[in-house]
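For reference, the chains in residue letters:
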Amino acid sequence: MSIDLALIGGTGLYRFPGLSGVERRAVDTPYGFTSDSLVVGSLGDCRVAFLARHGESHTIPPHRVNYRANLWALHHVGARRVIGINAVGGIRADMGPRVLALPDQIIDYTHERLTSYCDVAGAEVRHIDFSEPYTAKLRRDLLLAAQRAGVPLVDGGCYGATQGPRLETRAEIARMRRDGCDLVGMTGMPEAALARELELEYACIALVANWAAGCGDEAEISLPEIFANLEFATARVPPLITALIEA
Ligand code: HPA
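On a predicted model such as this, the values are computed, not experimentally measured, just so you know.

**Looking at the site of the ligand**
Taken together, Ala87, Val88, Gly89, Leu167, Glu168, Val184, Gly185, Met186 and Asn210 form the complete shell of residues around the ligand. A distance of 2.7 Å separates a nitrogen atom of the ligand from a polar side-chain atom of Glu168. Asn210 has a polar side-chain atom sitting 2.6 Å from a nitrogen atom of the ligand. In this structure, the ligand is accommodated by the largest pocket. Breaking the shell around the ligand down by element, the ones donating at least two residues are β5 (81-90) and β10 (183-185). Counting residues per element, the shell around the ligand draws most heavily on β5, at three residues.

**A closer look at the pattern of salt bridges**
Counting across every chain of the model gives 13 salt bridges. A salt bridge links Arg53 to Glu191; the nearest nitrogen and oxygen atoms lie 2.8 Å apart. Note that Arg53 is positioned in the loop between β4 (46-52) and α1 (67-76) and Glu191 in helix α4 (residues 191-197), a separation of 138 residues in sequence. Summarising the burial analysis for this pair, Arg53 and Glu191 share the class buried. One connected set of salt bridges, linked through shared partners, spans Arg15, Arg24, Asp36 and Glu56.

**Topic: unusual backbone geometry**
Cis geometry is found at the peptide bond from Gly164 to Pro165, where omega equals -5°. With an omega of 10°, the peptide bond running from Met189 to Pro190 counts as cis. If you trace the backbone, Pro190 turns up in the loop between β10 and α4. In this model, Glu112 sits at a positive phi of 55°, which is unusual for a non-glycine residue.

**Topic: the packing of aromatic side chains**
The description of an aromatic ring pair uses the distance of the two centres, along with the angle that the planes make with each other. By the definition in use, this model includes three aromatic pairs. Ring centres of Phe16 and Phe50 lie 6.4 Å apart, and the angle between their planes is 35°; on these two criteria the pair is classed as tilted. Placement of the pair is Phe16 in the loop between β1 (5-9) and β2 (20-25) and Phe50 in strand β4, with a sequence separation of 34 residues. The class for Phe50 is buried, based on a relative accessible area of 1%. With a centroid separation of 5.0 Å and 70° between ring planes, the pair formed by Tyr31 and Tyr117 is classed as edge-to-face. Remark: Tyr117 occurs in the loop between β7 (105-108) and α2 (136-149) and Tyr31 occurs in the loop between β2 and β3 (38-43); sequence separation between them is 86 residues. Assessed through its relative accessible area of 9%, Tyr117 is described here as buried.

About the thresholds
Residues numbered from 1 in each chain as written. Predicted model: local features only at pLDDT ≥ 70, side-chain atom pairs only at ≥ 80, totals over all residues. Heavy atoms only, no water. Near = heavy atom within 4 Å. Polar contact = N/O pair within 3.5 Å; in protein donor to acceptor, adjacent residues only side chain to side chain. 1 Å grid on protein atoms, 1.4 Å probe; cavity = no way out; pocket = protein on both sides within 12 Å on 5 of 7 lines; lining within 4 Å. Sits in = over half its atoms within 2 Å of the grid points. Helix = DSSP H or I, 4+ residues; strand = E, 2+ residues; numbered from the N terminus. Salt bridge = Lys/Arg side-chain N within 4 Å of Asp/Glu carboxyl O. Buried < 20%, exposed > 50% of the residue type's maximum accessible area, 1.4 Å probe, protein only. Phe/Tyr/Trp six-rings, centres within 6.5 Å; stacked < 30°, edge-to-face > 60°.

All quantities given are derived from atomic positions and should not be read as evidence of function.
This is the structure we're talking about:
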């Protein structure tokens, strides 16, 4: 099967509108179950595979996502370009709620996740280059698509990946800001590194759902507000992807 583009939808994006001729494909992987079946369909002339990272009913928390199975399955069905869509908190002043950003760096604070295909007995040990964790060409194509679609997309930023599922303390976010993080999310890693191990092109569209702890005026982060902001930001993803595909 040839797939032109794979999309991994995060919180708030459980199916991709506009796909036609949709078929569901359960993929058996050496790493166990994917988060859900792959949904394969057409968008214009392109074949697109969509996968809901947390499952279509959002039953899998960030630290329990089987990232290895998900990426392996997409690779197995022939995807070579993968876009992860991830809800995040904003740390940098220009990354407030409802912003869409295209990070260009990552700092990984996660732990106890299965982060590599190399830790299977007998697998060859490979040290991938990860200086630039996202694929430059795919990022450029997304920036051009955003311009064409009239979707504001902030170019660059450092994604700090936290363990979750709880949100962070103010002190943790203050440390992350000192470290150079601009965004904080729970699902950016190990997804990006696994994509690189499989030699997939990979980029992340980060949807800012809230100010990270201590970055806004509120004493607490409100869940209803997170969902309202995510709904707004998520609505901008299909036109962006459509413009990418039309190019
Ligand atoms: N922190 C971590 N992950 C998130 C946040 C946050 O504030 N908002 C949405 N995903």
